[in-house]
There are 2 protein chains.
Amino acid sequence: MGISDLIAGFIQEALEDSDGVLELQRSDLAQRFNCVPSQINYVMSTRFSPEQGYIVESRRGGGGYIRITRVRVDRETLLMHVINSLGDTLDLPSARAIARNLVDNGAISLEAGRTLLSAVSDAALRAAPRESRGAIRADVFKQVLIHLV
Amino acid sequence: MGISDLIAGFIQEALEDSDGVLELQRSDLAQRFNCVPSQINYVMSTRFSPEQGYIVESRRGGGGYIRITRVRVDRETLLMHVINSLGDTLDLPSARAIARNLVDNGAISLEAGRTLLSAVSDAALRAAPRESRGAIRADVFKQVLIHLV
DNA sequence: TTCATTTTGGTCAAAGAAAGTCAAAATTCA
DNA sequence: TGAATTTTGACTTTCTTTGACCAAAATGAA
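Just so it is clear, the structure is predicted and the values come from calculations on it, not from any experiment.

## What about the interface of chain A and chain B?
Next, step 1: Listed per partner, the contact involves 28 residues of chain A and 28 residues of chain B.
Next, step 2: Buried surface at the junction of chain A and chain B, both sides included, amounts to about 2,200 Å², of which 60% is carbon and sulfur.
Next, step 3: Broken down residue by residue, the surface that chain A buries against chain B is led by E111, T115 and D139 of chain A, which jointly contribute 22%.
Next, step 4: Remark: the boundary between chain A and chain B carries three salt bridges.
Next, step 5: In this structure, R126 of chain B engages D139 of chain A in a salt bridge whose closest nitrogen and oxygen atoms are separated by 2.9 Å.
Next, step 6: When residues of the side of chain A that touches chain B are assigned to their parent elements, the largest contribution, nine residues, is made by helix α7 (residues 130-148) of chain A.
Next, step 7: In terms of residue class, the side of chain A that touches chain B is made up of 16 nonpolar, seven polar and five charged.

## Points about the sheet that holds strand β3 (residues 65-70) of chain B
Residues and elements named next belong to chain B.
Next, step 1: Spatially, three strands are ordered β1-β3-β2 in an open sheet, and the strand pairing comes out antiparallel. Two strands lie at the open edges of the sheet, namely β1 (21-24) and β2 (54-59), each paired on one side alone. Between one strand and the next, the sheet's axes are offset by a mean angle of 15°, whatever the strand orientation.
Next, step 2: Note: β1 against β3, four bridges, orientation antiparallel. In the strand pairing of β3, V21 is matched with T69.

Conventions and cut-offs
Residues numbered from 1 in each chain as written. Chains lettered and ligands numbered in written order. Predicted model: local features only at pLDDT ≥ 70, side-chain atom pairs only at ≥ 80, totals over all residues. Heavy atoms only, no water. Contact = heavy atoms within 4.5 Å. Buried area = accessible area lost by both parts, 1.4 Å probe. Salt bridge = Lys/Arg side-chain N within 4 Å of Asp/Glu carboxyl O. Helix = DSSP H or I, 4+ residues; strand = E, 2+ residues; numbered from the N terminus. Nonpolar A, V, L, I, M, F, W, Y, C, P; charged D, E, K, R; others polar. Pairing = 2+ DSSP bridges. Axes fitted to C-alpha atoms, helices over the stretch in contact; angles between N-to-C directions.

Structure representation (structure tokens):
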């Protein structure tokens, strides 16, 4: 088991203790594990991505930090299910139906649903070439859901 | 957390207490926080800009002051203002800043803000050709805001 | 009044402090 | 072995802190 796994484990434990949110300093952590700072970025992107149920925010400069938030799992499963069922391309009527469903199920708020739909509307994607619109619509839709988890 | 954040926090509290307007002296504040006076200017420009809902006026010379006023515009006006200020293209950092602001101002919910940002993320627009990404991002952003008004 | 002095605040650029990116090198795994 | 994953480090970007120098308003003396 490599260092990346150790670091990931450490973070996950710390997340338990701190009830889902954790703020740390990249260089601190790097020192603790005797690795280069950029390895922390690697761990973040491979083990704490939104797809895996985490939101990672950060800030540079003096007093900088990396904040990791673990998102709740209830909705996660439902949303992930929907996300995984989505193909590479998506048309507007389907998008509407799915969004409607998620709102009805209480998985996302009405406001979020509306936001989602306007983000994939034809007006929003008018600058995108016709032939890739479906793909972009699918990507946007997925990204939104992933981040809403 | 750095000094700038401390100062900003202090000012915000004071603004609460004084119901939206606050008059202070640059050198006083600098002394209180043990920093150089120009740091106060830094805090003003990075944390109390008009985009963030504040008006900062000042006067030099004897009895000089810095006056900070928090402005509260209603949500519709604010949203329209933001929409109109958007150009034909939009980069991700700007999108983030604007969304953050709207959330902070209570113009849109945190959930809507997150949704908006994930809809214009690079991941969401990866199928779009590089050169039109900025344009699509701007369109999506606008559409979402328009529908939220 | 006029002008010099004092009292404030303003600007800007350099230095410092984190974090981010990217690709090469090393390692592990199938 | 060959592909995928991990580890490293040089270089970049962003944000903060500091200080030298600048500009304006008030005040008081001539």
